[in-house]
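Secondary and tertiary structure notes
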Amino acid sequence: MRKSIGNSSTSAARLAPAALKDDARSQRTDTMAQLRRALILDAARAAFFELGLEGASMREIAKRAGYTPGAIYSYFSSREEIYAALLGESLLRLNAHVASAPDDGTPAERVRSKASAFFDFYRDNPRDLDLGFYLFQGVRPSGLTRELDAQLNGQLRAALQPTVEGLSELGLDAIACEAEVTALFAHMVGLLVLIHTGRIRMFRQHAPQLLAQYLEQLTERLQRCGH
């Protein structure tokens, strides 16, 4: 019996280094895969901004990444999937930025804080604005499948949800919340496009100040009305 136990311990000791080697090999493989994926995404981002979604073929992306087209298909099944991955990562950063904005204080203060964080993210990251609103290819979500479009829209709506919750706490019902957040979203996007194109200079206005005034008027109006 003792001999059997000793043999088992010896076998386990011999197996341990092999298991560690396998784990290390697996980690190296995962790390390399992540690096290659990041390289492909960087190449695709440059191609999309230069050539648009339609002009950036898988062959072109592969060339810029230093891979064959076949190698890229090991990571992404289509250029639309690559684009969705880029936009998805951008929307994750947007949601994180909104989540980091102060959420204490009154509902009105939370509306102003969260909406301003949404606006500031796109003001400070114009390339993310291009990705999020398809500005490099004509302001339309072309090339994405219905499923991908719905998924990405869900992420965008999630970034607006804290503002919706603040409006709801001010007493608005679901229909009124949807109307107000739509108007607010349109206002923010309009200002962002004016900044992005430089047209804001034509009006000699400061976009963040205009947004602050809009939010102040919105919350004051709702509070006056008893919401």
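Scroll up to find the structure.
Residues numbered from 1 in each chain as written. Predicted model: local features only at pLDDT ≥ 70, side-chain atom pairs only at ≥ 80, totals over all residues. Heavy atoms only, no water.

Section: the overall build of the protein
Looking only at helices and strands, the protein features 10 helices and 0 strands. In sequence order, the protein lays out its α and β elements as α-α-α-α-α-α-α-α-α-α. Taking all 227 residues of the protein together, the buried fraction comes to 36%. Across the protein, contacts joining residues at least 24 apart in sequence account for 65% of those joining residues at least 6 apart. Here the protein has roughly 13100 Å² of accessible surface; of this, 54% comes from carbon and sulfur atoms. (Helix = DSSP H or I, 4+ residues; strand = E, 2+ residues; numbered from the N terminus. Buried < 20%, exposed > 50% of the residue type's maximum accessible area, 1.4 Å probe, protein only. Contact = heavy atoms within 4.5 Å. Areas by Shrake-Rupley, 256 points an atom, 1.4 Å probe, with all protein chains shown as cover.)

Examining helix H8 (residues 174-197)
Helix length check: H8, at 24 residues, gives a terminal C-alpha distance of 34 Å against a target of 34 Å (1.5 Å per residue), a fit within 8%. Residues of H8 that are buried: Cys177, Glu180, Val181, Leu184, Met188, Val189, Leu191 and Leu192. Considering only its buried residues, H8 is in contact with helix H5 (107-124), helix H6 (126-133), helix H7 (146-169) and helix H10 (207-224). The residue sitting at the N-terminus of H8 and contributing the capping side-chain oxygen is Asp173; that oxygen lies 3.3 Å from the backbone nitrogen of Ile175. Gly198 sits one or two positions beyond H8 and adopts a positive phi of about 80°. (Expected span 1.5 Å × (residues − 1). Polar contact = N/O pair within 3.5 Å; in protein donor to acceptor, adjacent residues only side chain to side chain.)

A word on H10
With 18 residues, H10 should reach 26 Å at 1.5 Å per residue; the first-to-last C-alpha distance of 26 Å fits that figure. For H10, the set of buried residues is Ala207, Leu211, Tyr214, Leu215, Leu218, Thr219 and Leu222. Around the axis of H10, the buried residues are gathered within 120° of arc, so they sit on the same side. Turned more than 90 degrees away from the buried face of H10, the exposed residues are Gln217 and Arg224. Where H10 is buried, its residues contact H5, H7, H8 and helix H9 (200-203). (Arc of directions from axis to C-beta.)

Digging into the side chain of Asp128
As for its placement among the helices and strands, Asp128 is situated in helix H6. A polar contact is formed between the side chain of Asp128 and the side chain of Arg93, at a distance of 2.6 Å. In contact with Asp128, not counting residues within four places along its chain, are Ser90, Arg93, Phe121 and Tyr122.

Concerning the nonpolar core
In terms of nonpolar packing, the biggest core is built from 59 residues, with Phe48, Ile82, Leu94, Phe118, Tyr122 and Leu167 touching the most fellow members. Of all the elements in the fold, those that place two or more residues in this core are helix H1 (2-55), helix H2 (58-65), helix H4 (79-100), H5, H6, H7, H8 and H10. Looking at this core element by element, the count peaks at 9 residues for H4. Excluding its chain neighbours within four sequence positions, the residues that come into contact with Tyr122 are Leu91, Leu94, Asp128, Leu129, Phe133, Leu156 and Leu192. (Core = buried A, V, L, I, M, F, W, Y, C linked by side-chain atoms within 4.5 Å.)

Details of unusual backbone geometry
Phi is positive for Arg204, which is not a glycine, with a value near 55°. Structurally, Arg204 can be placed in the loop between H9 and H10.

Things to note about the packing of H5 against H7
The N-to-C vectors of H5 and H7 enclose an angle of 160°; their axes lie 7 Å apart at closest approach. Considering the angle they form, H5 stands roughly antiparallel to H7. Every pair of crossing elements has a handedness; the one defined by H5 and H7 is left-handed. Counted together, Pro107, Arg110, Val111, Lys114, Ala115, Phe118 and Tyr122 of H5 and Leu156, Ala159, Leu160, Pro162, Thr163, Gly166, Leu167 and Glu169 of H7 form the full contact between these two elements. (Axes fitted to C-alpha atoms, helices over the stretch in contact; angles between N-to-C directions. Parallel < 35°, antiparallel > 145°, perpendicular 65-115°, else oblique. Left-handed = near helix turned anticlockwise from the far one by under 90°.)

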